[in-house]
Amino acid sequence: MSNLNQLLARAKSAPAYSPAPDTRYFNADLAQLIRDASSAMPFRDHIPAGMYEPTHRISQPAATAMSALLGSSFLPDLIDKDGRITRVPAGVSAGQSTRLDAAIIANSRVAQAGAQLIVMPESTEALPTGLTGDIVLVKKPGSFRTIEAAIFDTVSEGDGPETDAPIVAMPVSSAPINFGDAISKGISVTVKRSSWKETPVDILAADLALALTLGLARAADEVLLRAIAAGNPSAFSLSEAAAQGLEFGELRALAGGDGAVVDQSGVLRVAGVPAELTADNKGTFVGAFSRAAIVVHERIDLIAHRLDTAGSVNVTCWASFVPCVPDVSKFWSAKAN
């Protein structure tokens, strides 16, 4: 395992910070991460037992790492203590602390269309290993399940139900939630030491915290829309939607390509269905988004790596996503008429 991987492993094994009992903000910890990395050394001195001076130096990454829980991490306020006003993600109100998971959901286009955006930990189960009393933690996959109406058929009067009632498949569709197969997304941002003179590191960290939050929402959209596209949905028609037993009010569209028009009342629509624009897929999809989910691992990992002697820092963030589309027949593609 490389030094950087060891550093990240230590960050993952350490408890992620929690706002209790005193609320701590993601941007404040991010600012401290950047400060620590800007002065991080690429070595550490080794002093053998019985010696008073180091005899040699051991190389190490000039970096610091941290992990944060989306459900316990708070965004900076709209107005800070110095009166500065910052554009913040949708769903963030002045004077109120907003968790990252709530802000991600509020800014996700697939969530606005009705998809379930679920922030959750990786489920584990403790199992005994033998007579010694030791236990091991085993990853326990979950699932996202959708249940449709069971369709009754007409039977002949007087006949027994055992011979006349049709046998049908269970009207249940399921998609696995297994973080072992999760899609990992990452981003790196450089914070130049020279920029600290113009903008304090606390403000730079607040800006980065907000940008990462918005980016996590877009990453969730991209992963779910890509999963829908991979199912090769057929062309949309109202008759197909009716055949699936859907109400018109369940349908929403996300337009990343052709097919969207603005009606006379100023509402964006795709084939008459209320729509919203997206930059996270080139296709346009209509469907019952409530029948799909995007699962985000509750823990995000960050490494800040010192780049030069001036103290410029490269901040890298990783997140994991699991798309759940149990039944792609509830989605269709749409193109220009």
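Structure: see above.
Computed from a predicted structure; not experimentally measured.

Here is what the cut-offs are and how they apply
Residues numbered from 1 in each chain as written. Predicted model: local features only at pLDDT ≥ 70, side-chain atom pairs only at ≥ 80, totals over all residues. Heavy atoms only, no water. Axes fitted to C-alpha atoms, helices over the stretch in contact; angles between N-to-C directions. Helix = DSSP H or I, 4+ residues; strand = E, 2+ residues; numbered from the N terminus. Parallel < 35°, antiparallel > 145°, perpendicular 65-115°, else oblique. Left-handed = near helix turned anticlockwise from the far one by under 90°. Contact = heavy atoms within 4.5 Å. Nonpolar A, V, L, I, M, F, W, Y, C, P; charged D, E, K, R; others polar. Buried < 20%, exposed > 50% of the residue type's maximum accessible area, 1.4 Å probe, protein only. Core = buried A, V, L, I, M, F, W, Y, C linked by side-chain atoms within 4.5 Å.

Chemist: So what's going on with the packing of helix 3 (residues 100-107) against helix 6 (residues 201-230)? Which residues, and what values?
Modeler: Contact pair helix 3 / helix 6: the axes reach a minimum separation of 8 Å and the direction vectors enclose 55°. One way to sum up the angle between helix 3 and helix 6 is to call them oblique. Relative to helix 6, helix 3 is oriented so that their crossing is right-handed. Packed against helix 3, whose contacting residues are Leu-100, Ala-103, Ile-104 and Asn-107, the element helix 6 presents Thr-213, Leu-214, Leu-216 and Ala-217 at the interface. In the contact of helix 3 with helix 6, the residues fall into six nonpolar, two polar and no charged.

Chemist: Now, about unusual backbone geometry: what can you tell me, with residues and values included?
Modeler: Its identity is not glycine, yet Asn-232 carries a phi of approximately 50°, on the positive side. Checked against the element boundaries, Asn-232 lands in the loop between helix 6 and helix 7 (238-243). Judged by its relative accessible area of 66%, Asn-232 is exposed. Positive phi values are uncommon outside glycine, yet Ala-271 reaches one of about 50°. Considering the arrangement of structural elements, one finds Ala-271 in the loop between strand 12 (268-270) and strand 13 (273-277). Classification of Ala-271 by relative accessible area gives partly exposed; the value is 46%.

Chemist: Residues and numbers for the nonpolar core, please.
Modeler: Phe-26, Leu-30, Ile-300, Leu-302, Val-315 and Phe-321 are the most contacted members of the largest nonpolar core, which totals 49 residues. Put simply, the parts of the chain that give this core at least two residues each are helix 2 (26-38), strand 3 (63-69), helix 3, helix 4 (109-112), helix 6, strand 15 (293-297), strand 16 (299-306) and strand 17 (313-324). Among the elements that line this core, the one with the most residues is helix 6, at 14 residues. Once residues within four sequence positions are removed from consideration, Ile-300 is found in contact with Phe-26, Met-66, Ser-67, Ala-68, Leu-70, Leu-216, Cys-317, Trp-318 and Ala-319. Counting residues in hydrophobic clusters, the runner-up holds 14 residues, among them Leu-246, Ala-253, Ala-275 and Ala-334.

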